[in-house]
Amino acid sequence: MSSPSLSRTPLSARAAALAAAALLGGAVLTACGSEDGSGDDATATGPTVVASTSVYADIAEQVAGGNATVESVISDPTADPHSYEASPADAAAVTGADLVVYNGAGYDSFVDRALENAGDVPVVRAVDEFERVTGGTIAGHSHDGHDHGDEHGAEDGHDDEHGHDDHAHDDNGTTGSHEGHEHDSDTNEHVWFSLPTAAAVAERVAEELAAIDEANAEEYRENADRFADSLAPLEAQLDEIHDRGHFPYAQTERIGAHLFDAAHMVDLTPRGFLASIEDDTDPSAADLSAMLDLMSEREVAFLAFNTQTETSVTARVRDAAESADVAVLDLTETLPEGLDYTEWMTQIVDSLSSALDGATPVDDGGH
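Heads up: these notes are all about the structure in this document. Fair warning: this is a prediction, and the values are worked out from it, not measured in the lab.

1. Regarding the pairing of strand 9 (residues 327-331)
Sheet topology places strand 8 (residues 302-306) next to strand 9; 5 bridges connect them, and they run parallel. Bridged to Ala304 within strand 9 is Leu329. Tracing the backbone out of strand 8, into helix 11 (residues 312-323) and back to the parallel element strand 9 gives a crossover that is right-handed.

Spelled out as structure tokens, the structure:
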């Protein structure tokens with residue numbers, strides 16, 4: 001569904017709030033300006049967009065062009081947004097922005113906490129756009145032992161983003177009670193790996209900026225269209241992968257699962273293993289053994305590995321994959337240095353396609 005329509009506070013009031021942020025904690029936020037100077041003083045009089053991570057800052061900047069200042073609360077490519085603790089300056093900058101762009105569903109809960117004490121700040125929340133374009137629902141999720149989820153809870157039995165009912169498969173690929181092979185769209189808050197969602201976020205950012213800055217409204221919309229067009233070849237590439245068959249994979253954390261779902265891949269990761277890693281606890285001996293067996297017996301085409309949340313357990317799984325010559329696909333939760341969103345996704349999809357060369361698809365129950 002669409003982000004709620006919120007009243008706009010004059011730019012002068014927003015500028016005052018941003019000045020207060022600087023006094024509170026100094027220059028904590030990092031401008032996400034392009035090399036041509038789109039983040040320099042030339043945009044200081046335009047709208048200010050604050051994004052939770054560099055991923056959303058980059059999408060917003062591609063829409064804003066040179067007409068707005070875009071800043072990211074988290075810009076360190078090695079930082080883990082799940083555990084980020086916002087400073088008073090971060091919170092003040094969020095509440096003083098002309099537009100806030102973030103993920104939602106508890107992923108970047110520091111934004112929700114800042115907005116609790118704010119007035120009417122326009123927001124673009126990616127999980128809302130995921131729901132709007134896919135019909136799915138993302139349950140609020142917490143990685144710190146506290147429920148920071150928003151009001152968008154998940155309902156059992158909803159369709160995933162391809163219109164398929166969530167279900168499990170048994171070892172032969174038929175529908176059954178064997179856990180570990182289903183698409184878990186309702187429990188995966190990492191929605192920026194859904195290409196249609198990224199395009200929808202860009203569209204919503206354009207509409208919000210157009211309402212704030214009517215003089216450049218058409219340019220914002222054209223930039224959002226251009227961004228969506230840049231993703232079309234990647235969606236076509238995922239369709240080509242799907243046409244090759246349903247490939248099995250495993251993952252240390254489901255950050256990239258929306259992308260893999262788009263290619264209709266089959267996730268064989270033991271659900272107990274995933275739950276343990278995401279809750280920062282050690283998996284059971286049985287779940288770890290099952291995960292290691294997937295690697296040693298080469299039952300999967302590749303292992304998706306979150307490099308930003310590596311633990312001794314996930315490192316052990318990676319070692320097992322490499323020892324068995326199972327391809328490892330490295331993923332991160334923030335933009336790698338020197339890449340924009342489209343370039344980043346292009347690298348991932350290209351690596352995915354290469355990892356499947358010579359792999360054998362499995363039956364996915366007619367999925």
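Once you've had a look at it, read on.
2. Comments concerning the environment of Ala210
Take Ala210: it is sitting in helix 6 (residues 195-212). Separated by 11 residues in sequence, Ala210 and Arg221 place their C-alpha atoms 7.8 Å apart. When near neighbours in sequence (up to four residues on either side) are disregarded, Ala210 contacts Ala217, Tyr220 and Arg221.

3. Some remarks on helix 12 (residues 341-355)
When the terminal C-alpha atoms of helix 12 are compared, their 21 Å separation across 15 residues agrees well with the 21 Å that a helix rising 1.5 Å per residue should span. For helix 12, the full list of buried residues reads Tyr341, Thr342, Trp344, Met345, Ile348, Val349, Leu352, Ser353 and Ala355. End-on, the buried residues of helix 12 take up no more than an arc of 165°, which puts them together on one face. As for helix 12, its buried residues are in contact with helix 2 (54-64), helix 6, helix 7 (217-243), helix 8 (257-262), strand 8 and strand 9.

4. A word on the packing of aromatic side chains
How two aromatic rings sit relative to each other is set out by the distance from centre to centre and by the angle between their planes. Counted under the stated rule, the structure contains 10 aromatic pairs. Connected via pairs of aromatic rings, a cluster forms that spans Tyr56, Tyr107, Trp192, Phe193, Phe227, Tyr341 and Trp344. Cation over ring: Arg318 sits above Phe305, and NZ or CZ is 4.8 Å from the ring centre.

5. Notes on the environment of Ala60
Here Ala60 is to be found in helix 2. Aside from chain neighbours lying at most four places away, what touches Ala60 is Val49, Val70 and Val205.

6. Regarding the packing of helix 6 against helix 7
The angle between the axes and the distance between the axes are what describe a pair of packed helices. At a minimum axis separation of 9 Å, helix 6 and helix 7 run at an interaxial angle of 180°. On the basis of the axis angle, helix 6 is roughly antiparallel to helix 7. Where helix 6 approaches helix 7, its residues Leu195, Pro196, Ala198, Ala199, Ala202, Glu203, Ala206, Glu207, Leu209 and Ala210 are matched on the opposing element by Ala217, Tyr220, Arg221, Ala224, Phe227, Ala228, Leu231, Leu234, Glu235 and Leu238. Partitioning the contact of helix 6 with helix 7 into residue classes produces 16 nonpolar, no polar and 4 charged.

7. Quick look at the sheet that holds strand 6 (residues 248-251)
The strand order across the open sheet formed by 4 strands is 7-6-8-9, and the pairing between neighbours is parallel. Looking at strand neighbours, the two that pair on one side only are strand 7 (266-267) and strand 9, the edges of this open sheet. For strand 6 and strand 8, the ladder comprises 3 bridges, and the chain directions are parallel. Residue pairing for strand 8: Ala250 is matched across the bridge by Leu303. Against the sheet, helix 12 contacts strand 8 and strand 9, and its axis sits at roughly 170° relative to strand 9.

8. Comments concerning helix 2
Of all the 11 residues making up helix 2, 10 are buried; the element is thus mostly covered by neighbouring parts of the structure. Where helix 2 is concerned, the buried positions are Ser54, Val55, Tyr56, Ala57, Asp58, Ile59, Ala60, Glu61, Val63 and Ala64. Just past helix 2, the residue Gly65 takes up positive phi, approximately 65°.

9. Some thoughts on unusual backbone geometry
For Ala105, which is not a glycine, the phi torsion comes out positive at approximately 65°. Mapped onto the elements of the fold, Ala105 is located in the loop between strand 4 (99-102) and helix 4 (109-115). For Arg298, which is not glycine, the phi dihedral falls at a positive 55°.

10. A look at the nonpolar core
Membership of the largest hydrophobic core comes to 61 residues, with the highest contact counts inside it found for Phe302 and Tyr341. Looking at this core, the element that brings in the most residues is helix 6, giving 8 residues. Beyond its immediate stretch of four places on either side in the chain, Tyr341 contacts Val55, Asp58, Ile59, Gln62, Trp192, Ser194, Leu195, Ala198, Phe227, Leu231 and Leu335. By size, the runner-up hydrophobic cluster in this structure holds 19 residues, among which are Val266, Leu288, Val313 and Val317.

11. A few points about the environment of Thr53
You can see Thr53 is positioned in strand 2 (residues 48-53). Note on Thr53: relative accessible area 1%, which makes it buried. Along the sequence, Thr53 and Ala79 sit 26 residues apart, while their C-alpha atoms lie 9.7 Å from each other. Not counting the four nearest positions on each side in its chain, Thr53 is found in contact with Ser72, Ile74, Pro81, Tyr107 and Thr334.

12. Regarding the pattern of salt bridges
Following the criterion strictly, the structure yields 10 salt bridges and no others. With its nearest N and O atoms 2.7 Å apart, the salt bridge here joins Glu129 to Arg132. A residue pair is termed a helical-turn pair when its members lie 3 or 4 positions apart in one helix, as Glu129 and Arg132 do in helix 5 (residues 126-134) at 3 residues. Here Glu129 falls in the buried class, since its relative accessible area comes to 0%. What makes Arg132 partly exposed here is its relative accessible area of 29%. Several salt bridges share partner residues, and in doing so they unite Glu129, Arg132, Glu203 and Arg204 into one network.

About the cut-offs
Throughout this document, residue positions are counted from 1 along each chain, in the order its sequence is written. It should be noted that, the model being predicted, local features are given only for residues of pLDDT at least 70 and side-chain atom pairs only at 80 or more, the latter also being counted only at that level, while totals for whole chains, interfaces and linings use all residues. Each side-chain value is worked out from all heavy atoms of the structure, with water and hydrogens disregarded. For two strands to pair, DSSP has to find at least two bridges joining them. Put simply, DSSP H or I for four residues or longer makes a helix, DSSP E for two residues or longer makes a strand, and each gets a number counted from the N terminus. When the strands point away from the viewer, a crossover counts as right-handed if the path from the first strand over the helix to the second runs clockwise. Two residues qualify as a contact provided that any one of their heavy atoms is within 4.5 Å of a heavy atom in the partner residue. Given a helix with a known number of residues, its expected span is that number minus one, times 1.5 Å. Burial classes follow relative accessibility: with a 1.4 Å probe on protein chains only, a residue under 20% of its type's maximum area counts as buried, one over 50% as exposed, and anything between as partly exposed. Of all possible arcs, the one meant is that of the directions from the helix axis to the C-beta atoms. Centres within 6.5 Å make a pair out of two Phe, Tyr or Trp rings, where for Trp the six-membered ring is used; the pair is then stacked when the planes are under 30 degrees apart, edge-to-face when over 60, and tilted otherwise. In this scheme, the term charge over a ring applies when either NZ of a lysine or CZ of an arginine sits within 6 Å of the ring centre and within 35 degrees of the ring normal. All axes here are fitted lines through C-alpha atoms, helices being fitted over the stretch that makes contact, and every angle between N-to-C directions spans 0 to 180 degrees. Under this scheme an angle from 65 to 115 degrees is roughly perpendicular, one under 35 degrees roughly parallel, and one over 145 degrees roughly antiparallel; angles in between are oblique. Ten residues, namely Ala, Val, Leu, Ile, Met, Phe, Trp, Tyr, Cys and Pro, are considered nonpolar, four, namely Asp, Glu, Lys and Arg, are considered charged, and the remaining ones, Gly among them, are considered polar. Buried Ala, Val, Leu, Ile, Met, Phe, Trp, Tyr and Cys residues form a nonpolar core when they are joined through side-chain atoms within 4.5 Å. What counts as a salt bridge is simple: a side-chain nitrogen of Lys or Arg found within 4 Å of a carboxyl oxygen of Asp or Glu.

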